[in-house]
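Structural features, examined
In case you want the letters, here they are:
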Amino acid sequence: MADCDADPSVLAQARRYTHNPQQFEDQLREVLPRLIYVQQVAAQYDVAGEFVLLPWVESHFQSPPVRNHQPAGMWQIMPVTAGSMGLRVDGRYDGRLDVPAAANAVMKLLKQYHDQFHDWRVADYAYNAGEFSVRKFIQKHGMPADEPVIPKWPVRSVTREHLTKLLAMACVVREPARFDVSLPTLPDEQHLVQVKITHSMPMARAADHAGISVNTLKDLNAAFRSDMIDAGAASYLLLPASHVDQFRNALLAQPQTTTTDDRRDSTTNMAVTSPPVAKTQRKTHTVRPGDSLWQIAHDYAVNVTQLQRWNHLRGNTLKLGQVLQVSDAN
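As a starting point, this report considers the structure included with it.

Here is what the cut-offs are and how they apply
Residues numbered from 1 in each chain as written. Predicted model: local features only at pLDDT ≥ 70, side-chain atom pairs only at ≥ 80, totals over all residues. Heavy atoms only, no water. Helix = DSSP H or I, 4+ residues; strand = E, 2+ residues; numbered from the N terminus. Buried < 20%, exposed > 50% of the residue type's maximum accessible area, 1.4 Å probe, protein only. Contact = heavy atoms within 4.5 Å. Areas by Shrake-Rupley, 256 points an atom, 1.4 Å probe, with all protein chains shown as cover. Phe/Tyr/Trp six-rings, centres within 6.5 Å; stacked < 30°, edge-to-face > 60°. Salt bridge = Lys/Arg side-chain N within 4 Å of Asp/Glu carboxyl O.

**Re the overall build of the chain**
If you tally the helices and strands in the chain, you get 14 helices and 6 strands. Counting every position in the chain, which comprises 330 residues, the buried fraction comes to 48%. The contacts of the chain with a sequence gap of at least 6 include a subset with a gap of at least 24, amounting to 66%. Carbon and sulfur atoms make up 49% of the accessible area of the chain, which amounts to about 16,600 Å² in all.

Pasting the structure below:
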């Protein structure tokens, strides 16, 4: 999309974001695991990279407390919109707070908007103002010209500012030195990985298995509304890569029995089954039709960067029949 100098309002907003460079860097470092995860999902859907920064505009990648009939999650999705996006929202589970589920739903929606309107700026307007409103503007005013970068449609100021902020954040990422900031990097062990689970369990037990605090686990898996992880609502947990092996090993070592406390949760009244014996993970994968690097990383609970390093890949291009290493040789 547009560069920093395409519109004065974009540059002005970028300077507002970075008026305190150290604070900006600290904020970005804090949310980087989620940002990198969203980046991988956006690549799968071939969505413009600027939209990786959409949660920054919406919520600074935070999940404010959920209120009835109000937007929720780092994407700030309304309950009625969540239903149309295929996200489950009820008293036990809120898909708007599920990082993988919500990221996939949003990127799929943005891709659909671009396929309809063929303009990422209009796709952003549709995300903020709604597809119906955008269609009305197109019928009345036609598609916006390439310039000015911020279309001169008579939309609400909040919708115009939404696109301005998105382009401004992308401007900072594109030219950090211009704003006296340094972009943080994320070590492989801090990348977020989706780990399959086959049975429900108390949040405290899962945190103990993973070797992280209950609060950290809840923060990463905020979609579960109680102290019980409902495998019927989501068959995975999101964990830092450095804790995945410990979690899996703990499940393997867990006795094939359940206690009365584990079997029923006082809030959800949900039955819990004993864990099955885990299957041995394959160390290689042969590329099949339809495979993408992101999907393979997702299936083997690793990240794209690791796959690229293990297989000496310079990009995301794969060949049919190509054999990939999908776990650390050590």
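There is more to say, and it comes next.
**Concerning the environment of Gln13**
In this structure, Gln13 sits in helix α1 (residues 8-17). Assessed through its relative accessible area of 11%, Gln13 is described here as buried. The residues contacting Gln13, other than those within four sequence positions of it, are Thr164, Lys165 and Ala168.

**A closer look at unusual backbone geometry**
With an omega dihedral of 0 degrees, the bond running from Glu147 to Pro148 counts as a cis peptide bond. Position of Pro148 relative to the elements: it lies in the loop between α7 (131-141) and α8 (157-174). Of note, Gln76 is a non-glycine position whose phi angle comes to about 50 degrees, a positive value. Note that Gln76 resides in the loop between α3 (54-59) and α4 (79-84). Given a relative accessible area of 23%, Gln76 falls into the partly exposed group. Phi angles above zero are rare outside glycine, and His312 is one such case at about 55 degrees. Relative to the helices and strands, His312 resides in the loop between α14 (304-310) and β6 (323-325).

**Side note on the packing of aromatic side chains**
Counted under the stated rule, the structure contains 7 aromatic pairs. Geometrically, the ring pair formed by Phe137 and Trp153 is stacked, given 5.6 Å between the ring centres and 15 degrees between the ring planes. Here Trp153 lies in the loop between α7 and α8 and Phe137 lies in helix α7, a separation of 16 residues in the sequence. Members of the aromatic cluster, each reached through a chain of ring pairs, are Tyr17, Phe24 and Trp56.

**Remarks on the pattern of salt bridges**
Under the criterion given, the structure shown has 14 salt bridges. The residue Asp230 makes a salt bridge to Arg88 at a minimum N-O spacing of 4.0 Å. Taken together, the residues span a long stretch of sequence, with Asp230 in the loop between β3 (228-229) and β4 (236-240) and Arg88 in the loop between α4 and α5 (99-117) at a distance of 142 residues. When the shortest N-O distance is used, the salt bridge between Asp119 and Arg121 registers 2.8 Å. As far as burial versus exposure is concerned, Asp119 and Arg121 are alike and both buried. Bridged by salt links that share partners, the residues Asp5, Glu175 and Arg178 form one connected network.

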